[in-house]
Amino acid sequence: MIRSILIHPDPRLKKPCAPVAAVTDEVRALGADMLSTMYAAPGIGLAAPQVGVLSRVIVMDCVKDPELPPRPMVLLNPQVIWASEEMNTYDEGCLSIPDQYAEVDRPAVVTVRWMDLEGVTQEETFDGLWATCVQHEIDHLNGKLFIDYLGPLKRQMITRRMEKLKRERAREGV
Ligand code: NI
């Protein structure tokens, strides 16, 4: 089931999310819905607060080459346990901030620990786009958006554009 994606500014995008205590049918359904919603958008990552659920769940698939098989991932309670000193700059966007992009610096390589949908702890080191994406999504679980890395003027400009977009959508009844 495709869920609707909240658009910034929204108080639910600014709140820290609660850990997932156990893998329930509800959590499995949330993961599946988030993947469908992400692929439909289309996007490469999505965090639960973006669909209005304040729970520490993210999904991602950064395989961009259509020749390669997709790699849908659902990560519960993800945390960065190691980050490289080397940084990487990427022109980031967000499904909650449509059509707005800005350069953000983040560690180039990160090791992340999470619980999978079988309840098993996993650990993996990500680089490239995967590293940027997983850090961006984990930020969402702490109420942080990529625009929070920008200067106040740029952030306010983007926020005003989003307020206008939301007014237009409300008028159109979308
Ligand atoms: Ni985002």
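These remarks concern the structure in this document.

What counts as what
- Residues numbered from 1 in each chain as written.
- Predicted model: local features only at pLDDT ≥ 70, side-chain atom pairs only at ≥ 80, totals over all residues.
- Heavy atoms only, no water.
- Helix = DSSP H or I, 4+ residues; strand = E, 2+ residues; numbered from the N terminus.
- Expected span 1.5 Å × (residues − 1).
- Contact = heavy atoms within 4.5 Å.
- Buried < 20%, exposed > 50% of the residue type's maximum accessible area, 1.4 Å probe, protein only.
- Salt bridge = Lys/Arg side-chain N within 4 Å of Asp/Glu carboxyl O.
- Donors = N, O, S within 2.8 Å, 3.2 Å for Na, K, Ca; no water.

Here helix H3 (residues 152-172) contains 21 residues, and its C-alpha end-to-end distance of 30 Å stays within 8% of the 30 Å for a straight helix at 1.5 Å per residue. Considering only its buried residues, H3 is in contact with strand E5 (97-107). Of the residues flanking the end of H3, it is Gly 173, one or two places downstream, whose phi is positive at about 70°.

On the secondary structure map, Asp 33 appears in helix H1 (residues 25-40). When its relative accessible area of 9% is taken as the criterion, Asp 33 is described as buried. Among residues more than four places away in sequence, those in contact with Asp 33 are Met 1 and Arg 3.

A few words on the pattern of salt bridges. The tally for this structure, following the rule as stated, stands at 9 salt bridges. Its salt-bridge partner being Asp 139, residue Arg 106 comes within 2.9 Å of it at the nearest N-O pair. Here Asp 139 lies in helix H2 (residues 128-141) and Arg 106 lies in strand E5, a separation of 33 residues in the sequence. Among the residues examined, Asp 139 registers a relative accessible area of 13% and is labelled buried. Between Arg 113 and Glu 123 there is a salt bridge, and its shortest N-O distance comes to 3.0 Å. With Arg 113 in strand E6 (residues 110-115) and Glu 123 in strand E7 (residues 121-126), this residue pair connects regions lying 10 residues apart in the sequence.

A few words now on the coordination of the nickel ion. Surrounding the nickel ion are the protein donor atoms Cys 94 (SG), His 136 (NE2) and His 140 (NE2), which sit 2.1 to 2.3 Å from the metal. Read in sequence order, the donor residues for the nickel ion give the motif C-x41-H-x3-H. Pair noted here: Cys 94 is in strand E4 (residues 87-94) and His 140 is in helix H2, with a separation of 46 residues, a long-range link. Given a relative accessible area of 10%, Cys 94 falls into the buried group.

These results come straight from atomic positions and should not be treated as a statement about function.
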